[in-house]
Amino acid sequence: MPFRRGPIATRVQPGDTLLLEGPLGAGKTAFARALIQSIAVDAQDVPSPTFTLVQTYQTPDFELWHCDLYRLSSPDEGIELGLDTAFETAGCLVEWPDRLGD
């Protein structure tokens with residue numbers, strides 16, 4: 001059964017970035033999964049991007065990136081992933097945003 005589109009999901013647009021902070025087990029991935037399932041096309045299975053670092057999904061209007069940056073060893077790796085472009089053109093959900101540095 002698809003999730004109902006909640007108030008946050010109705011407002012996510014290209015260029016929006018949601019920074020998800022908190023300790024391990026705080027619910028960052030659970031929140032991201034519910035949001036993705038409520039707005040992405042055919043996103044019933046939403047794996048954690050812990051090992052892939054980035055999972056992308058298509059919404060009816062834009063691409064949605066789910067990023068887990070826990071394993072980044074330097075902020076430059078975020079640029080290598082294409083996050084600088086994604087922040088401008090896609091909707092982004094970023095777990096462990098402190099790994100991007102300043």
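No experiment lies behind these values; they were computed from the predicted model shown.

Caption draft 1: Up close: the nonpolar core. Counting residues in hydrophobic clusters, the biggest one holds 14 residues, and the most contacted among them are Leu35, Ile36, Ala43, Tyr57, Leu64 and Leu93. Of the residues forming this core, the biggest block, four residues, is contributed by helix H1 (residues 28–39). Sequence-distant contacts of Ile36, that is, excluding residues within four places in its chain, are made with Ala43, Val46, Tyr57, Leu64, His66 and Leu93. Core analysis: the next-biggest nonpolar cluster, separate from the first, contains twelve residues, Val54, Trp65, Cys67 and Leu69 among them.

Caption draft 2: Expanded view of the sheet that holds strand E4 (residues 91–95). Spatially, the four strands line up as an open sheet ordered E1-E4-E3-E2, and their pairing is mixed. The open sheet is flanked by strand E1 (17–20) and strand E2 (54–58), the only strands paired with a single partner. Between one strand axis and the next, the sheet turns by 15 degrees as a mean value, whatever way the strands run. Note: E1 against E4, four bridges, orientation parallel.

Rules of the game
- Residues numbered from 1 in each chain as written.
- Predicted model: local features only at pLDDT ≥ 70, side-chain atom pairs only at ≥ 80, totals over all residues.
- Heavy atoms only, no water.
- Core = buried A, V, L, I, M, F, W, Y, C linked by side-chain atoms within 4.5 Å.
- Buried < 20%, exposed > 50% of the residue type's maximum accessible area, 1.4 Å probe, protein only.
- Helix = DSSP H or I, 4+ residues; strand = E, 2+ residues; numbered from the N terminus.
- Contact = heavy atoms within 4.5 Å.
- Pairing = 2+ DSSP bridges.
- Axes fitted to C-alpha atoms, helices over the stretch in contact; angles between N-to-C directions.

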